[in-house]
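Listed here are the chains, written in short residue letters.
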Number of protein chains: 2
Amino acid sequence: MFESAELGHVVSKAEYARAQPKLRESLLEAQYDLIEKKSFSLLVLIGGVDGAGKGETVNVLNEWMDPRHIHTHAHGAPSEDEASRPPRWRFWQTLPPRGKIGIFFGSWYTQPIVQRVYGQTRDAELDESLEQIVRFEHMLHDERVVLLKLWFHLGKQQQKKRLRAISRDKHTRWRVTEQDWKHFGLYDQFREVSERSLRRTSTAEAPWRVIEGLDARYRSLTAGQHVLDTIREHLDTPRAQATPHAHHPKPEATNLIAKLEQPRAPKRYDDELETLQGKLAVLTRHKKFRKAGVVAVFEGVDAAGKGGAIRRITQAIDARYYRIHPVAAPSEEERAQPYLWRFWRHVPPRGRLAIFDRSWYGRVLVERVEGFCSEADWSRAYAEINDYEEQLHDHGLLVVKFWLQIDAKEQLRRFRERQATGFKRFKITAEDWRNRKKWKDYEIAACDMFDRTSTEIAPWTLVPANDKRTARLRVLSTLAERIERALDEA
Amino acid sequence: MFESAELGHVVSKAEYARAQPKLRESLLEAQYDLIEKKSFSLLVLIGGVDGAGKGETVNVLNEWMDPRHIHTHAHGAPSEDEASRPPRWRFWQTLPPRGKIGIFFGSWYTQPIVQRVYGQTRDAELDESLEQIVRFEHMLHDERVVLLKLWFHLGKQQQKKRLRAISRDKHTRWRVTEQDWKHFGLYDQFREVSERSLRRTSTAEAPWRVIEGLDARYRSLTAGQHVLDTIREHLDTPRAQATPHAHHPKPEATNLIAKLEQPRAPKRYDDELETLQGKLAVLTRHKKFRKAGVVAVFEGVDAAGKGGAIRRITQAIDARYYRIHPVAAPSEEERAQPYLWRFWRHVPPRGRLAIFDRSWYGRVLVERVEGFCSEADWSRAYAEINDYEEQLHDHGLLVVKFWLQIDAKEQLRRFRERQATGFKRFKITAEDWRNRKKWKDYEIAACDMFDRTSTEIAPWTLVPANDKRTARLRVLSTLAERIERALDEA
């Protein structure tokens, strides 16, 4: 993998003087085309050996293009806020919106590679991290974040020379840290682990480009050319248009929703409610809860009582510790990002509850049924959502998902009641009536969703909700049990 | 101020049972009217004595209204990210957008009051902080953030009793901290300082409401009623419509811009550029710079060369340490907030440079000239902007502001050149030609801006820019000098 990057590539001064102005002009032009078309964002990952010119190249790219539209982020040691979220959160926060270029100095590769070199993980764990990365990058690609992964390489003797040279120059001395020399001592291990990492993550849509870092002119021109080629390639080959959603699968007669029985009203609602809320209050105030956290999801047919169920939870919890995120159409900023971006935004820090009133499952429910996205898009969403929830889980967050189900008759009753009641009228819109006509389509979508996203770590709880009070108790008891079990195991 | 909140207000169970359902219904209705109209946001500040039911009231408000549209924030000790910005940054980050309700548990009052009680500041400093708060709240009000400031009070003996009662109950014990008892020991000092603070910040548009905290029923109903009254009052009295900008002031014949002389091209541009960039490189890599930071602003007529000047700065700086913010029309999320919100978003942490290509001065330039905001709005902006920049300065950030000026003839030449050059064509739009016709109006606006916002701590530098190279050197040397002086004084 690295051999061809140890051949001593050099670009002469004359050659550079000829090539550089042309390249710069083309880069600027490509950048402006991207800004205008906004058809994707370009994310350049910068990795490689210390002293191989990573920082210099980032500066060169900023110099050659319009730096106002480049977002450069150095992802070093995580800050306090970042450490309180799953590891990938900070990368999500800094993704460039469509039309812009992002440069990540230090990326999701840094931690797996360093941990393996330091012997904190084994090959199997490294490989698992790499597989997760491949899936993540695949998703980014599908969501129109184009990745360019640049690896700057130096042979062992070359690196030694470079580090010495940088240390001697008073202008550059600050750049070589003790850690750099420590890493140099581990050169062979780094080479081996990096080689493995690059090999396993060089995919068709996001291959690694290894660049020999010895000669500044060669490395700048090569990096610039890669950026140019990548933008041009994606500007000139428009994304395959999604084929419209044609076939209507028939619902199975006996699916989970059809089989759901609607139990009778509970006898001692007030008592049970108070008991469960008391339990929830104590659990969320438990010391151990400060190191955990909850992401709760509420989905269901219109008028199923999501809001009411959520209120019964929040009544029990200190208002400082939860936040409710009602999910409607995405904002302008959110539309310029991958669809999961707006949910990553709201991942809670440890010790808190984030309650989503509708959620990322919109992708495989309303967006699927209404044709707001292509079949290719919602089909891949199941796996992407599972990956997302796995990251929340791995970070110690409980993912608790509720589907509230009423039958069509009960929905009609509630719609009519809402229309008749003064201050409930705002709750019922023409859209609700339209959705109602697609009842079966939504049922199919929901059942597919249960099948494909009800996992060990994040199971769906189907809540029969014809009787509101039964539903509320069921939600409260499920949530309390999940938290209790998690705290017991902690 | 507190006397009437020590009378032992009590609401009987029967009275509460009568009043509460009606109040809740009205509150919900008011909340939904607010959500629908989006004409302002309501921000409830919660302050007062420990044990007076602050937390309980926040929970009650979340219970009585739709908690999905309430953003509750506990502002305790600042996090690492927060501490790296001016103190008011975190409040800006959590302002509710129009249509929503925010509840701040702990606010901009906490620090000034606690510092005064602990003797870290004197009355004069407290008063200065309070004056700043009054100005800040006045601005919020004008920007359609309606403030409701609730102060929960207990007499000294009452507080002692309450703290003891809470400590005895196993469900509430966690709420009373050692600090609470410590604060109780300072009851008299707290009372005195709080009284002074409330008195000086009770303005017509944002008065304090003191609520006796002893009786839960009384306090909940009273707080709820205040919320209701505040929403209703502002929903029902529409904002006075701004009178359109009618009069066109005449420019003074000899203003700063007219008097500006355009110097000749520099003789040894390349040498000087390299020297200045080298100086800037060393300065921004200086250890002391890690504790400082720069907010640089670029304004000027179209085609004055802002982008080129910015690029000469960034060429000298490590790309990880600066960020450029090109300012265009605000996004949807930004439009739902006070106009300074989108600039507070980008206040850099210590050790970094934020470069604004156009800025908050748009308010008193394009927005004024084009009539995008009312005269009342842009007139008050000068003082608001000065306050903003003072906060940046007080935090140790250098505020460096450049106005790049070319004359009308040179602008025409550049416009034509841009239209003729392939990859520069994107830079010239119909709007540029329109703006050109209002040259004099912009000149008047710019001169007013210099007069009113060129301050000791954040002076404007007027840069004659007919010759691009002269302008770039001037920008670089000014920036380098400002940083050098600041580091010397640090």
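Residues numbered from 1 in each chain as written. Chains lettered and ligands numbered in written order. Predicted model: local features only at pLDDT ≥ 70, side-chain atom pairs only at ≥ 80, totals over all residues. Heavy atoms only, no water.

Moving on to the packing of helix H13 (residues 306-314) of chain B against helix H21 (residues 468-489) of chain B. All names here are of chain B. Look at H13 against H21: their axes get within 9 Å of each other, and the N-to-C directions meet at 45°. Viewed along their axes, H13 and H21 adopt a mutual orientation that is oblique. The hand of the H13/H21 crossing is right-handed. Each of Gly308, Ala309, Arg312 and Ile313 in H13 lies in contact with H21, whose residues at this interface are Arg472, Val475, Leu476 and Leu479. (Axes fitted to C-alpha atoms, helices over the stretch in contact; angles between N-to-C directions. Helix = DSSP H or I, 4+ residues; strand = E, 2+ residues; numbered from the N terminus. Parallel < 35°, antiparallel > 145°, perpendicular 65-115°, else oblique. Left-handed = near helix turned anticlockwise from the far one by under 90°. Contact = heavy atoms within 4.5 Å.)

A separate point is the interface of chain A and chain B. Contacts between the two partners involve 45 residues from chain A and, on the opposite side, 45 residues from chain B. For the pair chain A and chain B, the summed buried area comes to about 4,400 Å², and 58% of that belongs to carbon and sulfur atoms. In this assembly, chain A and chain B are joined by four salt bridges. If you look at where chain A meets chain B, you find 16 residue pairs in polar contact (both at pLDDT 80 or more). Secondary-structure elements contributing two or more residues to the side of chain A that touches chain B are helix H1 (13-37), helix H2 (54-64), strand S2 (70-74), helix H3 (80-83), helix H13 (306-314), strand S7 (322-326) and helix H14 (332-335) of chain A. Among the residues making up the side of chain A that touches chain B, the classes are represented as 16 nonpolar, ten polar and 19 charged. (Buried area = accessible area lost by both parts, 1.4 Å probe. Salt bridge = Lys/Arg side-chain N within 4 Å of Asp/Glu carboxyl O. Polar contact = N/O pair within 3.5 Å; in protein donor to acceptor, adjacent residues only side chain to side chain. Nonpolar A, V, L, I, M, F, W, Y, C, P; charged D, E, K, R; others polar.)

Below, the discussion takes up the relation of the copies chain A and chain B. Screw-axis analysis of chain A against chain B gives a translation of 0.0 Å along the axis, an RMSD of 0.0 Å, and a rotation angle of 180°. Expressed as a symmetry operation, the mapping of one chain copy onto the other fits a two-fold axis. (Least-squares fit on C-alpha atoms with pLDDT ≥ 70 in both.)

Turning our attention to the sheet that holds S2(A). Residues and elements named next belong to chain A. On the basis of which strands lie adjacent, the open sheet formed by five strands has the order S2-S3-S1-S4-S5 and parallel pairing. Strands with a single pairing partner mark the edges of an open sheet, and in this sheet they are S2 and strand S5 (208-212). Strand-to-strand, the axes of this sheet are offset by a mean angle of 20°, without reference to chain direction. Looking at chain direction, S2 and strand S3 (residues 101-105) are connected through five bridges and run parallel. Bridge pairing links His73 to Phe104 in S3. Against the sheet, helix H10 (residues 216-236) engages strand S1 (41-48), S3, strand S4 (145-153) and S5, with an angle of about 165° to S4. (Pairing = 2+ DSSP bridges.)

Here we come to the confidence of the model for chain A. Residue and element names in this part refer to chain A. Mean pLDDT over chain A works out to 91, with 95% of the residues at or above the 70 mark. By mean pLDDT, the top-scoring element of chain A is strand S6 (residues 294-300) (98), and the lowest-scoring one is helix H11 (residues 256-259) (85). Taken together, the chains of this predicted complex give a pTM of 0.83 and an interface ipTM of 0.75. (pLDDT = per-residue confidence, 0-100.)

Turning our attention to the pairing of strand S8 (residues 353-357) of chain A. All names here are of chain A. With five of its five residues buried, S8 lies for the most part within the structure. Here S8 shows two buried faces, one formed by Leu353, Ile355 and Asp357 and the other by Ala354 and Phe356. Of the pairings in the sheet, the one linking S6 to S8 comprises five bridges and is parallel in character. Paired with Val295 across the strands is Ala354, a residue of S8. Of the strand pairs in this sheet, S7 and S8 are connected by five bridges, and their pairing is parallel. (Buried < 20%, exposed > 50% of the residue type's maximum accessible area, 1.4 Å probe, protein only.)

Here the focus is the sheet that holds strand S4 (residues 145-153) of chain B. Residue and element names in this part refer to chain B. The strand order across the open sheet formed by five strands is S2-S3-S1-S4-S5, and the pairing between neighbours is parallel. The two strands at the open ends of the sheet, each matched to only one other strand, are strand S2 (70-74) and strand S5 (208-212). Across this sheet, the average inter-strand angle for adjacent strands is 20°, counted without regard to direction. Its contacts with the sheet place helix H2 (residues 54-64) against strand S1 (41-48), S2, strand S3 (101-105) and S4, and it is angled at close to 165° to S3. The sheet strands contacting helix H10 (residues 216-236) are S1, S3, S4 and S5, and the helix crosses S4 at an angle near 165°.

Now for unusual backbone geometry. Residue and element names in this part refer to chain A. The backbone of Lys38 shows a phi angle near 50°, a positive value even though the residue is not glycine. With respect to the element layout, Lys38 can be found in the loop between H1 and S1. In the Ramachandran plot, Arg358 falls in the positive-phi region, its phi being about 70° despite a non-glycine side chain. Take Arg358: it is sitting in the loop between S8 and helix H16 (366-369).

Inspection of the entire model under this criterion finds 44 aromatic pairs over all chains. Centre to centre, the rings of Trp403(A) and Phe450(A) are 5.6 Å apart; their planes meet at 80°, and the pair counts as edge-to-face. Separated by 47 residues along the polypeptide, Trp403(A) in strand S9 (residues 398-405) and Phe450(A) in helix H20 (residues 439-453) bring together distant segments of the chain. In this pair, the class of Trp403(A) matches that of Phe450(A), namely buried. Ring geometry for Trp360(B) against Tyr361(B): centres 6.3 Å apart, planes inclined by 40°, an arrangement best described as tilted. Here Trp360(B) and Tyr361(B) have matching classes, each one buried. (Phe/Tyr/Trp six-rings, centres within 6.5 Å; stacked < 30°, edge-to-face > 60°.)

Residues and elements named next belong to chain B. Within the secondary structure, Leu412 sits in helix H18 (residues 408-420). On the basis of relative accessibility, which here comes to 22%, the residue Leu412 falls in the partly exposed class. Counting along the chain gives 109 residues from Leu412 to Ala303, while the straight-line C-alpha distance between them is 9.2 Å. Apart from residues lying up to four places away in sequence, Leu412 is in contact with Trp433 and Arg436.

What follows covers the side chain of Glu384(A). Residues and elements named next belong to chain A. Its place among the elements puts Glu384 in helix H17 (residues 375-394). Given the relative accessible area of 9%, Glu384 is considered buried. A polar atom in the side chain of Glu384 sits 3.1 Å from the side chain of Tyr339. Setting aside chain neighbours within four positions, we find Glu384 in contact with Met139, Asp142, Tyr339 and Leu340.

A side chain with one charge can pair with a side chain of the opposite charge if their charged atoms come near. Evaluated as defined, the whole model comprises 71 salt bridges over all chains. Measuring nitrogen to oxygen at the nearest pair gives 3.1 Å for the salt bridge that ties Glu333(A) to Arg345(B). Of this pair, Glu333(A) sits in helix H14 while Arg345(B) sits in the loop between helix H15 (341-344) and strand S8 (353-357), placing the two residues on different chains. For Arg345(B), a relative accessible area of 22% puts it in the partly exposed group. Across the pair Glu334(A) and Arg345(A) runs a salt bridge, and its minimum N-O distance is 3.1 Å. You can see Glu334(A) sitting in helix H14 and its partner Arg345(A) sitting in the loop between helix H15 (341-344) and S8, a full eleven residues away along the chain. A relative accessible area of 13% places Glu334(A) in the buried class. Through salt bridges with shared partners, a single network forms among Asp142(A), Glu143(A), Arg363(A), Glu367(A), Asp377(A), Arg380(A) and Glu384(A).

Right, let's get into the packing of helix H12 (residues 269-284) of chain A against helix H21 (residues 468-489) of chain A. All names here are of chain A. The N-to-C vectors of H12 and H21 enclose an angle of 30°; their axes lie 10 Å apart at closest approach. In terms of orientation, H12 and H21 fall into the roughly parallel class. Here H12 runs over H21; the crossing is left-handed. Between H12 and H21, the contacting residues are Tyr269, Glu272, Leu273, Leu276, Gln277, Lys279, Leu280, Leu283 and Thr284 on the first element and Arg469, Arg472, Leu473, Leu476, Ser477, Leu479, Ala480, Ile483, Glu484 and Leu487 on the second. Its residues assigned to classes, the contact of H12 with H21 comprises eleven nonpolar, three polar and five charged.

Take helix H7 (residues 156-168) of chain A next. Think of an α-helix as 3.6 residues a turn; residues three or four steps apart then line up on the same face. Here H7(A) is 13 residues long and its end C-alpha atoms lie 19 Å apart, about the 18 Å a rise of 1.5 Å per residue gives. Looking at the buried residues of H7(A), the elements they touch are H2, helix H8 (178-185), helix H9 (187-201), S5 and H10 of chain A. (Expected span 1.5 Å × (residues − 1).)

Residue position: His73(A) is located in strand S2. Expressed as a C-alpha distance, the spacing of His73(A) and Phe104(A), which sit 31 residues apart in the sequence, is 5.1 Å. A polar contact of 3.2 Å, which involves the side chain of His73(A), links it to the side chain of Arg323(B).

Time to look at helix H5 (residues 110-117) of chain A. Residues and elements named next belong to chain A. Taken together, the buried positions of H5 are Pro112, Ile113 and Val117. Down the axis of H5, the buried set is contained in an arc of 125°. They therefore lie on one face. Tucked into the core, H5 has its buried residues touching helix H6 (123-142), S4 and H9. At the C-terminal side of H5, Gly119 shows a positive phi close to 75°. (Arc of directions from axis to C-beta.)

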